[in-house]
Amino acid sequence: MAQRVLPLPRQQSFCPPTVPNPFVHPGRLSARDKLRTILQGIILLPFRAICIAFILLLAWLFASIATFRHPGKGSVPLKGWRRRMIRTTLSCLTRTLFFVMGFQVKVKGKIASLLEAPIFVAAPHSSFFDAIISALTGMPSIVSRAENLSTPVLGTILSSLQPVSVSRQDPDSRKNTVIEITKRALSRGQWPQILIFPEGTCTNRSCLITFKQGAFVPRVPVQPVLLRYPNKLDTVTWTWQGYSLKELCVMTVCQLFTRVEVEFLPVHVPTEEEKNDPILFANRVRQTMATALNVPVTDHTFEDCRLMISAGQLTLPMEAGLVEFTKISKKLNLKWNHVREQLDTFAAIASASKGGRIGIEEFAEYLKLPISDVLKELFLLFDRNGDGTIDFREYVIGLSILCNPANTEETIRMAFKLFDMDEDGTIREDEFACIIQSALGVPDLDVSMLFKEIDADETGKLSYEEFKDFALKHPEYAKLFTTYLELQRYQLDMLEEDDIESPEVKHSPVRKSTVPVSETTPIARNKVCPEGNEECNSSTSDKKDD
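Residues numbered from 1 in each chain as written. Predicted model: local features only at pLDDT ≥ 70, side-chain atom pairs only at ≥ 80, totals over all residues. Heavy atoms only, no water.

Novice: If you had to explain the UniProt feature "transmembrane region" (unreviewed entry) in the protein chain to someone new, which residues and values would you point to?
Specialist: The UniProt feature table records "transmembrane region" (unreviewed entry) at residues 38-63. The span residues 38-63 shows a helical share of 100% and a strand share of 0%, and its end C-alpha atoms are spaced 35 Å apart. (UniProt positions renumbered as here; feature names shortened; annotations may be inferred. Helix = DSSP H or I, 4+ residues; strand = E, 2+ residues; numbered from the N terminus.)

Novice: A description of the nonpolar core should follow, citing residues and the corresponding values.
Specialist: Judged by nonpolar contacts, the single largest core of 59 residues is most densely connected at Leu316, Phe363, Phe382, Phe392, Tyr395 and Phe432. Listed in part, the 36 residues of the second largest apolar core include Phe98, Phe197, Val225 and Leu227. (Core = buried A, V, L, I, M, F, W, Y, C linked by side-chain atoms within 4.5 Å. Buried < 20%, exposed > 50% of the residue type's maximum accessible area, 1.4 Å probe, protein only.)

Novice: Explain helix H10 (residues 325-332) residue by residue, including any values.
Specialist: Within H10 the residues assigned to the buried category are Phe325, Lys327, Ile328, Ser329 and Leu332. Once H10 finishes, Asn333 follows within two positions and takes phi at roughly 55°, a positive value.

Novice: Would you mind going over the sheet that holds strand S1 (residues 103-108) in detail, with residue names and values included?
Specialist: Strand order in the open sheet formed by seven strands is S1-S7-S6-S2-S5-S3-S4, and the pairing between neighbours is mixed. Of all the strands in the sheet, the pair left with one neighbour each is S1 and strand S4 (164-166). Going from strand to strand, the sheet's axes swing by 25° on average, the running direction of each strand aside. Of the pairings in the sheet, the one linking strand S3 (residues 141-145) to S4 comprises three bridges and is parallel in character. Bridged to Val143 within S4 is Val164. Most of the contacts of helix H5 (residues 173-185) go to S4, to which it runs at about 175°, and overall it touches strand S2 (119-123), S3, S4 and strand S5 (194-196). (Pairing = 2+ DSSP bridges. Axes fitted to C-alpha atoms, helices over the stretch in contact; angles between N-to-C directions. Contact = heavy atoms within 4.5 Å.)

Novice: Account for the pattern of salt bridges, with residues named and values stated.
Specialist: Applying the stated criterion across every chain, the model contains 18 salt bridges. The salt bridge involving Arg340 is made with Asp344; its shortest N-O contact spans 2.6 Å. Placement of both Arg340 and Asp344 in helix H11 (residues 336-350) is noted, with a separation of four residues, approximately one turn of the helix. Since its relative accessible area comes to 18%, Arg340 is described here as buried. Bridged by salt links that share partners, the residues Asp299, Glu324, Lys327 and Arg393 form one connected network. (Salt bridge = Lys/Arg side-chain N within 4 Å of Asp/Glu carboxyl O.)

Novice: Could you give an account of the packing of helix H1 (residues 31-67) against helix H2 (residues 80-100), with specific residues and numbers?
Specialist: Orientation of H1 relative to H2, taken along the N-to-C sense of each, is 175°, at an axis distance of 10 Å. As the angle between them shows, H1 and H2 are arranged roughly antiparallel. Contacts between H1 and H2 involve Arg48, Cys51, Ile52, Ile55, Leu56, Leu58, Ala59, Phe62, Ile65, Ala66 and Thr67 from the former and Trp81, Arg82, Met85, Ile86, Thr89, Leu90, Leu93, Thr96, Leu97 and Val100 from the latter. Taken together, the residues of the contact of H1 with H2 sort by class into 16 nonpolar, three polar and two charged. (Parallel < 35°, antiparallel > 145°, perpendicular 65-115°, else oblique. Nonpolar A, V, L, I, M, F, W, Y, C, P; charged D, E, K, R; others polar.)

Novice: I'd love a proper account of H5, names of residues and values included.
Specialist: For H5, with 13 residues, the first-to-last C-alpha span of 18 Å sits near the 18 Å given by 1.5 Å per residue. Listing the buried residues of H5 in full gives Ser173, Thr177, Glu180, Ile181, Thr182, Arg184 and Ala185. Where H5 is buried, its residues touch S2, S3, S4 and S5. (Expected span 1.5 Å × (residues − 1).)

Novice: Before we move on, could you go through the packing of aromatic side chains and cite the residues and values that matter?
Specialist: Counted according to the given criterion, the structure contains 18 aromatic pairs. Measuring from ring centre to ring centre gives 5.0 Å for Phe103 and Phe129, while their planes differ by 50°; the resulting arrangement is tilted. With Phe103 in strand S1 and Phe129 in the loop between S2 and helix H3 (132-136), this residue pair connects regions lying 26 residues apart in the sequence. Phe103 sits in the buried class, given a relative accessible area of 6%. Accessibility expressed as a relative area gives 5% for Phe129, which makes it buried. (Phe/Tyr/Trp six-rings, centres within 6.5 Å; stacked < 30°, edge-to-face > 60°.)

Novice: Before we move on, could you go through the environment of Leu227 and cite the residues and values that matter?
Specialist: With respect to the helices and strands, Leu227 occurs in strand S6 (residues 222-228). Between the alpha carbons of Leu227 and Asp130 there is a distance of 7.5 Å; along the sequence they are 97 residues apart. Setting aside residues no more than four positions away along its own chain, Leu227 makes contact with Ala123, Pro124, Asp130, Ile132, Ile133, Phe197, Val260, Glu261, Val262 and Leu293.

Novice: Run through the pairing of S2, naming residues and quoting values.
Specialist: Across the five residues of S2, five count as buried, placing the element largely inside the fold. Side chains Ile119, Val121 and Ala123 of S2 all project onto a buried face; the interleaved residues Phe120 and Ala122 project onto the opposite face, where all are buried too. With three bridges connecting them, S2 and S5 associate as parallel partners. Within the sheet, the bridge partner assigned to Phe120 lies in S5 and is Leu195. The sheet contact formed by S2 and S6 spans five bridges and is parallel.

Novice: So what about the environment of Glu273? Which residues, and what values?
Specialist: Looking at the secondary structure, you find Glu273 in helix H7 (residues 272-275). According to the relative accessible area criterion, Glu273 is partly exposed, its value standing at 48%. When residues no more than four places from it in sequence are discounted, the contact partners of Glu273 are Leu280 and Arg284.

Novice: Describe the environment of Ser187, listing the residues and the values that go with them.
Specialist: Positionally, Ser187 belongs in the loop between H5 and S5. Accessibility expressed as a relative area gives 12% for Ser187, which makes it buried. Along the primary structure Ser187 and Pro118 are separated by 69 residues, whereas in three dimensions their C-alpha atoms are 9.2 Å apart.

Written out as structure tokens, the structure is:
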């Protein structure tokens, strides 16, 4: 059968991202770099390690003095000599620490005052060494996990900065964090400035991923801060796939020097429109920063990292879990848990394939059906980029746009009536096989395995509830069914056009009721879609949503 051309183009908003995976840093040291690092490390590592330990102990001592017997334990801002000690001594010690580690810092632009911009937003966030911004801006408050405050030495130093703590165990933590940031940003100078990395996780600096809204909800001016590491040998990038924290620390300390550029862009004062829409505010600031960095923006977010880890646990390539969660969740109204469940199903289908993608063979095996014209058309609808395979992102979009809208109560009842040829309220295996064989054009197709999977009570007959329960759990079959009906109508229309073009051929009832998909079609088809039923002709196509 000739391939039918899809009548509508794909939505451009669902095109794959410019950067497929911003959470991986595949760079590895060459043999020459390893040798040089080892030789330099023999001298640099012991010396720098001693200096780092001494500076951290000094910082801990001053942080302890500044917070000694301070009331409130973080709920009351440090003032007077306590705050001055933090700004001067800790800022100086942090600068010294980075100098000892070999960092050469280049600063561009003007740092905004507290009244000009209560919040700094820094990106791209790619390393724990990004903390150099704190030393340059007078040790502002940061957003940190609550667990970090209990870390020996570093926890005391961190507490002296009076961070906005985030607890992953508290379900209301995210809301409370935004409330606390807003309170401090609107305190009219009582609290210090806040440094926020709005991406919320580390990337490889190849793009700017989605900015979280926390820094933009207070509706106050923010100062964008850019980070660059213009080094031939990258020993600072800390991503979900790549070197570990300890490896990066050791490799960086073993380098003669490491360059970092920090650029302070002009303060972004929100318009009234941006004040009323934190997402718009965040996106415009992100675009300004991306333009200055000359990198693209994508809709990846921390939830993609979680899916990436889950994909690795399911023996898929980790990048298989990336779906640009911000875009997918917003446009398709999907929650993370739902997407995570779909990843389990996808992994079960793709387990036999390499590269974490589904081919037409795996797709057919999962549906327990042979490769036919109808199945090929359904596969084509999923395969958005036309490369002959379905990745997880295409699978999620396909289920949401194509299958779930088709999997309505009306469609399920329609399909049940079609299979129930003797109208006794149940479907026997021979009735089920007759329709499936006709729909797929395979007269000798064995559907016993598929029938047994649907027949939950093993009675040899399918009730409507069994049929409905299976359909709801496997929405692909609903789209397969509607695609079958669409192909029938499409071919009937083509035949009618041929009849019009050839007036000498008389229209006969037999010719008009013949279904081109197969040589024989059950009479039950007329119960579902009788000739001239316009309502039926318009109810099953859902490609307009794509």
